[in-house]
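Understanding the architecture of this molecule
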Amino acid sequence: MAFDDDADEVFTGGADDLPQASGDGDDAPKKLLKKPSAMAAAAERRKKATPLGSIGSDKVDFSPLVDAQLVEAEKIAVSGRLLEALESLNSLEKQTRTSADIPSNTKILVANVTLCHKANDWKLLAERVTLLSKKHGLLKTSVTKMIQEVVALVEKTPDMATKLELIDTIRTITDGKIFVEVERARVTRILSKIKEDEGKIVEAADILQELQVETYGSMDKREKTDFILEQMRLLLAKQDYSRAQIISRKISTKLFEDEKNHDLKLRFYNLMISFATHSNLYLDTCKYYRHIYDTKSIKEDESKWTKIPENVVLYVVLAPYDNEQSDLINRIYEDPNLNKLSLYKEFVKCFITNELVRWPKIDEIYGATLKKSAVFDLSSESGAARWKALHERVIEHNIRVVAKYYTRITMNRLKQLLDLSEKETEDFLSKLVVSKTIHARIDRPAGFVSFVPPSRGPNTVLNAWSSDINKLLELISTTCHLINKEEMVQSISQAL
């Protein structure tokens, strides 16, 4: 039973200590009379009946007693009686735990780990940690400190078998416990690294995928990002590109605005480049290189950024033409650092001017330099595929130029300008028409290609004009509503 020492009226004695009732009859109200001698005796009995440090008693500081017992336990352990030393702490551990004396309980739990480590008894260490983590009414702070001490000892194990056994013990203890989720994540990463070093990439990736670190409230953002990047790296090594892309979306790029996190930023975009190049996402690859290029630590060191503009240029040229690609390639051309790479600047200029670019000339002028880069390494399958893609971009550029200067052209003349056969010319024309890059119609019997878009009739023009007017009126109405709302808010705030 719990007692309150500050209470004025408590009955805890025997028959002799019963308070006297006053009243004339059975129905008369009874009053509890305070008897100083009875209350004093009851208080004395409470002190004897209530164990020191039990739940409900006054908070007791066990620090002096714990410090003395720890010294004694260490002496016993040094003499070779480790188990006896640990058992000497059991009673005090229970008292500190039941009285919620966190500092003292923490000292005892950590001492259990320390004594086992000094005695080099790793098996007993695992047993003691497992036992102490299953105690009824355990103190989460104390257990967390104990687990942290054990995690710190993982790298000090004498051999790999002991290390794996200790890691397995920690993972078993921390399974399902939110207050030690960070420690579990760190140990799991160590285990994953061991499997990777053994050449078991798939197993290492699967082990690390168990962690949903983005939901860990006790882990700071930098460490979370570091874990997610490690998950991405292993997935790419495993060639699980779809899952790697999903995992990458868990990272907020706002974190990279802080200069302290630029190392994580570089790791992230290098991993994304690996994913994008494998998936032939040339425009995305160009953007990732630009993010690296815009990093302060890279821009300040010319030796680090020299190769980046080259890759930016090559991948933006490889990207299929659209409004975004057109805007990006023009902005890249205006980069002052590109002047230091005159050959690449001239290469970009070929694709932003409305002039025909003959493929044999491209191969002759730029081929030798381009084929030396990793992007167009013809010894690899991906490099050969990108060289073929470059040829296609040159053809598509030439078709767009022809569409600007011609309204009608013969097929023979067009295939001569494009350096292609008639079938290849039709294939490229069809592809650009489907993507709505150009408008073209092929008259095979006459052997002509027309680039004139169909004329819009008066009804089509009027309908488009009416639609535009309606959109304009809606914008005006919305703007007026927002202005009135802001004026009302300002008037109310001034009135208050």
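Refer to the structure printed above.
By convention here, each chain's residues receive numbers from 1 onward along its written sequence. Reporting in this predicted model follows two pLDDT cut-offs: at least 70 for local features of residues, and 80 or more for side-chain atom pairs to be given and counted; totals over whole chains, interfaces and linings ignore these cut-offs and use all residues. The side-chain quantities take in all heavy atoms of the structure and omit both hydrogens and water.

**Details of the pattern of salt bridges**
Here is the rule: Counted as salt bridges are all cases of a side-chain nitrogen of Lys or Arg within 4 Å of a carboxyl oxygen of Asp or Glu. In DSSP terms, a helix is any run of H or I states spanning at least four residues, a strand is any run of E spanning at least two, and both are numbered starting from the N terminus. Residue burial is assigned from relative accessible area. The probe radius is 1.4 Å, only protein chains are included, and a residue is buried under 20% of its type maximum, exposed over 50%, and partly exposed in between.
By the definition in use, this model includes 30 salt bridges. We note a salt bridge from Arg233 to Glu196, for which the minimum N-O separation is 2.8 Å. Linking Arg233 in helix 11 (residues 221-237) with Glu196 in helix 9 (residues 181-197), this pair joins segments that are 37 residues apart in sequence. Using a relative accessible area of 16% as the deciding quantity, one classes Glu196 as buried. Glu230 serves as the salt-bridge partner of Arg233, at 2.5 Å between the closest nitrogen and oxygen. In this pair, Arg233 and Glu230 are both assigned in helix 11, three residues apart and thus about one turn of the helix distant. Judged by relative accessible area, Glu230 falls into the buried class, the value being 12%. A cluster of three or more residues bridged by salt bridges with shared partners is formed by Arg189, Glu196, Asp226, Glu230, Arg233 and Arg267.

**Describing the environment of Ala204**
Worth spelling out the cut-off: Residue contacts are counted whenever heavy atoms from the two residues lie within 4.5 Å of one another.
For Ala204, the location among the structural elements is in helix 10 (residues 201-209). Residue classification places Ala204 among the buried positions, given a relative accessible area of 0%. Distance in space between the C-alpha atoms of Ala204 and Leu234 is 7.4 Å, their sequence separation being 30 residues. Apart from the residues lying within four places of it in its own chain, the contact partners of Ala204 are Ser192, Lys195, Glu196 and Leu234.

**Things to note about the sheet that holds strand 1 (residues 408-410)**
Note the cut-off: When DSSP locates at least two bridges between a pair of strands, those strands are taken to pair. Here, axes are lines fitted to C-alpha atoms. For helices the fit covers the stretch in contact, and angles between N-to-C directions go from 0 to 180 degrees.
Strand order in this open sheet of three strands is 1-3-2, and the pairing throughout is antiparallel. The sheet terminates laterally at strand 1 and strand 2 (441-443), the two strands that pair on one side only. Neighbouring strand axes in the sheet, compared pairwise and without regard to direction, differ in orientation by 20 degrees on average. Relative to strand 3 (residues 448-450), strand 1 runs antiparallel, the two being bridged by three bridges. Residue pairing across strands places Arg408 opposite Ser450, the latter belonging to strand 3.

**Observations concerning the packing of helix 7 (residues 140-152) against helix 8 (residues 160-174)**
Rule in force here: Angle categories are assigned with fixed cut-offs, so that under 35 degrees is roughly parallel, over 145 is roughly antiparallel, 65 to 115 is roughly perpendicular, and the rest are oblique. The hand of a helix crossing depends on one turn: near helix anticlockwise from the far one by less than a right angle means left-handed, and clockwise means right-handed. Residues are grouped as follows: Ala, Val, Leu, Ile, Met, Phe, Trp, Tyr, Cys and Pro are nonpolar; Asp, Glu, Lys and Arg are charged; every other residue, Gly included, is polar.
Running from amino to carboxyl end, helix 7 crosses helix 8 at an angle of 160 degrees, the nearest separation of the two axes being 10 Å. Classed by the angle they form, the pair helix 7 and helix 8 counts as roughly antiparallel. Seen along the crossing, helix 7 lies across helix 8 with a hand that is left-handed. Taking contact as the criterion, the partners of Ile147, Val150 and Val151 in helix 7 are, on helix 8, Leu166, Ile170, Ile173 and Thr174. Its residues assigned to classes, the contact of helix 7 with helix 8 comprises six nonpolar, one polar and no charged.

**Description of helix 2 (residues 63-78)**
Definition in use: Helix span is expected to be 1.5 Å times the residue number reduced by one. The arc under discussion is defined with respect to the helix axis, by the directions toward the C-beta atoms.
Between the first and last C-alpha of helix 2 there are 22 Å, a value that for 16 residues agrees with the 22 Å anticipated at 1.5 Å per step. If you check which residues of helix 2 are buried, you get Ser63, Val66, Leu70, Ala73, Ile76 and Ala77. The buried residues of helix 2 occupy an angular sector of 135 degrees when projected down its axis, which confines them to one face. Residues Pro64, Lys75 and Val78 are exposed on helix 2 and point more than 90 degrees away from its buried face. Buried residues belonging to helix 2 abut helix 3 (82-87), helix 4 (90-98) and helix 5 (102-118). Phi turns positive one or two residues past the end of helix 2, at Gly80, with a value near 100 degrees.

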